[in-house]
Amino acid sequence: MIFFPLVILGVALYFTKWRAWSGIIFFFFWSGGFQFVSDVLFDTGVAVSKGADFALIQILAVSLISAFRYPDFFAKSKFLPYVLIFLSFITISLFYSNLYLSVPWEEIIRTSRYYFFIIAYFVFRRFSKDEIFFMLKVLFVVTLVGCTLYVIQSVTGFPLLAGAHSRRFGVLNRYFNLPILYYVLVGYTFFLNPFKGGW
């Protein structure tokens, strides 16, 4: 429950000049608090049990408001027909699973809710180039901090990031909780320095 105010803030910031921070809040939730936050804190005891659930709520809320606030939020996208086809297939599959296979709705929602992240495309396409670069800078620094903690925990054997599972290899501990955004941002920085706009 403690994170719902942050979801509301993330939704509100999207409609201000600080839109980039809305994106950062989204990635905070999507990555499980950048793995700095224990998974237990995201569990509300009801339908919301992971950080990604808060991210999905934020995306759906922003999309719903934007659909009324911006007439072209969906209309000008060539990607829209493919999204509709995908969501139609998912919706049919959900009802098929419940009505024909008798799978409970709780189980269906638990296993299929993240397919709806595809709507995030419409949310992020309204970001300006400067907003995207600012967001990438912040995410790059956060991921760098996470990678530093990842290395430290391998040496000390003390888990510093959420989702810590390890094996012992000689004097080092092999952890399997490398920061989620590591591969995306490292690959990105091979082509473009987020602090200089190029190499």
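Summarised in this report is the structure supplied together with it. Predicted, not measured: the structure shown is a model, and the values here were computed from it.

## Let's talk about the layout of surface pockets
Here is step 1 of the chain: As a volume, the largest pocket reaches approximately 210 Å³.
Here is step 2 of the chain: Taken together, Ala47, Val48, Asp53, Leu56, Ile57, Leu60, Glu106, Ile109, Arg110, Arg113 and Phe116 make up the lining of the largest pocket.
Here is step 3 of the chain: Counting residues per element, the lining of the largest pocket draws most heavily on helix H3 (residues 51–69), which supplies four residues.
Here is step 4 of the chain: Its residues assigned to classes, the lining of the largest pocket comprises seven nonpolar, no polar and four charged.

## Focus: the pattern of salt bridges
Here is step 1 of the chain: Applying the stated criterion across every chain yields a total of three salt bridges.
Here is step 2 of the chain: The closest approach of N and O atoms between Asp53 and Arg113, which form a salt bridge, is 2.5 Å. With Asp53 in helix H3 and Arg113 in the loop between helix H5 (105–112) and helix H6 (120–124), the pair connects residues that are 60 residues apart, well separated along the chain. The two residues Asp53 and Arg113 agree in class, both being buried.
Here is step 3 of the chain: With a closest N to O distance of 2.5 Å, Glu107 and Arg110 form a salt bridge. On the criterion of helical spacing, the pair formed by Glu107 and Arg110 is a turn pair, its members being three residues apart in helix H5.

## As for the nonpolar core
Here is step 1 of the chain: Counting residues in each nonpolar core, the largest one holds 41 residues, and the members touching the most others are Tyr14, Phe27, Phe29, Phe34 and Phe124.
Here is step 2 of the chain: Elements that contribute at least two residues to this core include exactly helix H1 (4–13), helix H2 (19–30), H3, helix H4 (80–99), H6 and helix H7 (129–156).

## With respect to H2
At 3.6 residues per turn, the α-helix brings residues three or four places apart onto the same side.
Here is step 1 of the chain: Between its terminal C-alpha atoms H2 stretches 17 Å, which fits the 16 Å expected from 12 residues at 1.5 Å a residue.
Here is step 2 of the chain: When you tally the buried positions in H2, you get 10 out of 12 residues, the bulk of the element.
Here is step 3 of the chain: Buried-residue contacts for H2 involve H1, H3, H6 and H7.
Here is step 4 of the chain: At the exit of H2 stands Gly32, carrying a positive phi of roughly 70°.

## Quick word on empty space enclosed by the protein
Unoccupied space between atoms shows up once a probe the size of one water molecule is rolled over them.
Here is step 1 of the chain: If you walk through the whole model with that rule in mind, you get one cavity of 30 Å³ or more.
Here is step 2 of the chain: Put simply, the largest cavity is a space of about 80 Å³.
Here is step 3 of the chain: Taken together, Ser31, Phe34, Gln35, Phe36, Val142, Thr143, Gly146, Pro179, Ile180 and Leu181 make up the full set of residues lining the largest cavity.
Here is step 4 of the chain: For the lining of the largest cavity, the per-class residue count stands at six nonpolar, four polar and no charged.

## Quick word on the packing of H1 against H3
Here is step 1 of the chain: Packing of H1 against H3 leaves a shortest axis separation of 9 Å and a crossing angle of 35°. In terms of crossing hand, the pair formed by H1 and H3 is right-handed. Contacts from Phe4, Val7, Gly10 and Val11 in H1 reach Phe54, Ile57, Gln58, Ala61, Val62 and Ile65 in H3.
Here is step 2 of the chain: The residue inventory of the contact of H1 with H3, partitioned by class, reads eight nonpolar, two polar and no charged.

About the criteria used
- Residues numbered from 1 in each chain as written.
- Predicted model: local features only at pLDDT ≥ 70, side-chain atom pairs only at ≥ 80, totals over all residues.
- Heavy atoms only, no water.
- 1 Å grid on protein atoms, 1.4 Å probe; cavity = no way out; pocket = protein on both sides within 12 Å on 5 of 7 lines; lining within 4 Å.
- Points joined across faces, edges and corners; volume = space filled by probe spheres on them.
- Helix = DSSP H or I, 4+ residues; strand = E, 2+ residues; numbered from the N terminus.
- Nonpolar A, V, L, I, M, F, W, Y, C, P; charged D, E, K, R; others polar.
- Salt bridge = Lys/Arg side-chain N within 4 Å of Asp/Glu carboxyl O.
- Buried < 20%, exposed > 50% of the residue type's maximum accessible area, 1.4 Å probe, protein only.
- Core = buried A, V, L, I, M, F, W, Y, C linked by side-chain atoms within 4.5 Å.
- Expected span 1.5 Å × (residues − 1).
- Contact = heavy atoms within 4.5 Å.
- Axes fitted to C-alpha atoms, helices over the stretch in contact; angles between N-to-C directions.
- Left-handed = near helix turned anticlockwise from the far one by under 90°.

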